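# Overview (structure and organization)
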Amino acid sequence: MSGYDEPFNDEWEQKLEYDGFNIEIKDTLCISDTGMFYTFDANDFSGYENSYQDMDGDITYKSFKYDVPSGKYLLSIKGYARKGASGHSSSCENPDYGFLFSLVKVNAFDGFKNPRESELYEFNIGWLTYSKEAVIYWFSEEEGGKKEPPKKDEYYCVIELEDGSICKLYVQFDRRNPTQDRMTDNCRVMVLYNYSFDYLLSSNAEYIICEESYKRGKTTIRKVGRIVIK
């Protein structure tokens, strides 16, 4: 919490920032994981922290309490990832991600923002760390590609590597930022299953993406487009 905790230092990099969320505080502000919403009890706090010891003897923090004066506030949220984090090794003892909350007191609210009803917000810092922004240029049907691009928000494809091996990719289309060309899609992409291939998603890398199909025990690979990592 800004003004209460130590700020993130230069070992971290900011991944997201959203502001303008309404929050009305009465006596105390508690920040916790969603699991505590069902069993919340102020008496569970030992001072300003609620924690437990896991089977390995490590302390895990579930929530924090702050003495914030009652009133109406606008809440801002910043998300950070440790520099060099792969997105696959974060733990309670050595977290690779964290949030910074800030409050600005106001006399009254003017409108509201609801991230549950909007695609404008992405709070998964891990996803923003191990996935990469990219652009897909779809081959036309005349080029042997698809008749039209996928309409769903998610897509699975593969790329063939020089040694003949296959790398599977998961794609999430950015419907908030559509392109003018219907055969081009902005997206985020990540490597599936084999994280040793993460290096493939380096900036400006370019690959031919393919779709796999199975028929009569044989695998067929069809080239459908070109992906460029931003």
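Above: the structure in question.
Residues numbered from 1 in each chain as written. Predicted model: local features only at pLDDT ≥ 70, side-chain atom pairs only at ≥ 80, totals over all residues. Heavy atoms only, no water.

## Describing unusual backbone geometry
Leaving glycine out, the prevailing phi sign among residues is negative, and the prevailing peptide bond configuration is trans. Put simply, the rule reads: The numbering of helices and of strands both runs from the N terminus, where a helix is a DSSP run of H or I of at least 4 residues and a strand a run of E of at least 2. Each residue is assigned to one of three classes by its accessible area relative to the maximum for its type, calculated with a 1.4 Å probe on protein chains only: buried under 20%, partly exposed between the two thresholds, exposed over 50%.
Here the phi dihedral of D27 falls at roughly 75 degrees; this positive angle occurs in a residue that is not glycine. Looking at the secondary structure, you find D27 in the loop between β1 (12-25) and β2 (29-32). The phi dihedral of Y193 is positive, around 70 degrees, even though this residue is not glycine. Structurally, Y193 can be placed in the loop between β10 (184-191) and β11 (206-215). Given a relative accessible area of 66%, Y193 falls into the exposed group.

## Considerations on the pattern of salt bridges
Opposite charge on two side chains lets them pair, provided their charged atoms get close. Formally: The term salt bridge refers to a pairing of a side-chain nitrogen on Lys or Arg with a carboxyl oxygen on Asp or Glu at a separation within 4 Å.
Under the definition given, this model contains 9 salt bridges. Between K113 and D19 there is a salt bridge; the shortest N-O distance is 3.7 Å. In this pair, K113 sits in the loop between β6 (97-106) and α1 (125-130) while D19 sits in strand β1, placing the two residues 94 residues apart along the sequence. Using a relative accessible area of 38% as the deciding quantity, one classes K113 as partly exposed.

## Overview of the sheet that holds β6
Rule in force here: Strands qualify as paired when DSSP identifies two bridges or more between them. The axes used here are C-alpha line fits, helices contributing only the stretch in contact, and every angle between their N-to-C directions lies in the interval 0 to 180 degrees.
Taken in spatial order, the 3 strands line up as β1-β5-β6 in an open sheet, and their pairing is antiparallel. Here the strands that pair on one side only, and so sit at the sheet edges, are β1 and β6. Each adjacent strand pair in this sheet contributes to an overall mean axis angle of 20 degrees, direction not counted. Relative to strand β5 (residues 71-82), β1 runs antiparallel, the two sharing 11 bridges.

## Details of the side chain of S131
Operational definition: Under this definition, polar contacts are N or O atom pairs within 3.5 Å; protein pairs additionally need one hydrogen-donor-capable and one acceptor-capable atom, and for neighbouring residues in sequence, both atoms have to be side-chain atoms. Throughout, a residue-residue contact means that at least one pair of heavy atoms, one from each residue, lies within 4.5 Å.
Secondary-structure assignment places S131 in the loop between α1 and β7 (132-138). You can call S131 buried: its relative accessible area is 1%. A distance of 2.3 Å separates a polar atom in the side chain of S131 from the backbone oxygen of W127. For S131, the residues in contact, after removing those within four places along its chain, are R188, V189 and M190.

## Concerning the sheet that holds strand β9 (residues 166-173)
Here we have 6 strands rolled up into a closed barrel, ordered β7-β10-β9-β8-β11-β12, and antiparallel in their pairing. With direction set aside, neighbouring strand axes in the sheet form an average angle of 50 degrees. In this sheet, β10 lies alongside β9 in antiparallel orientation, the contact comprising 5 bridges. The residue bridging L169 from the neighbouring strand is V191, located in β10.

## So, the environment of S196
Within the secondary structure layout, S196 lies in the loop between β10 and β11. Among the residues examined, S196 registers a relative accessible area of 48% and is labelled partly exposed.

## Description of the pairing of β5
Where β5 lies against β6, 10 bridges are found, and the strand directions are antiparallel. Paired with S76 across the two strands is S102, which belongs to β6.

## Describing the packing of aromatic side chains
What counts, and what does not: Aromatic contacts are taken between Phe, Tyr and Trp rings whose centres are within 6.5 Å, Trp giving its six-membered ring; a plane angle under 30 degrees counts as stacked, one over 60 as edge-to-face, and the others as tilted.
Inspection of the entire model under this criterion finds 14 aromatic pairs. Here Y4 and Y66 contribute two aromatic rings whose centre-to-centre distance is 5.4 Å and whose plane-to-plane angle is 70 degrees, an arrangement assigned as edge-to-face. Placement of the pair is Y4 in the segment before β1 and Y66 in strand β4 (residues 59-66), with a sequence separation of 62 residues. Between the aromatic rings of F8 and Y80, the centroid separation amounts to 4.3 Å while the plane-to-plane angle is 15 degrees, which identifies the pairing as stacked. With F8 in the segment before β1 and Y80 in strand β5, this pair connects stretches of sequence that are 72 residues apart. A residue is classified by how much of its surface remains accessible, and F8, at 24% relative accessible area, is partly exposed. Through a chain of ring-to-ring contacts, the aromatic side chains of Y18, F21, Y121 and F123 assemble into a single cluster.

## Things to note about the environment of L161
Following the sequence through the fold, L161 ends up in the loop between β8 (154-160) and β9. Excluding anything up to four places from it in sequence, L161 contacts F197 and L200.

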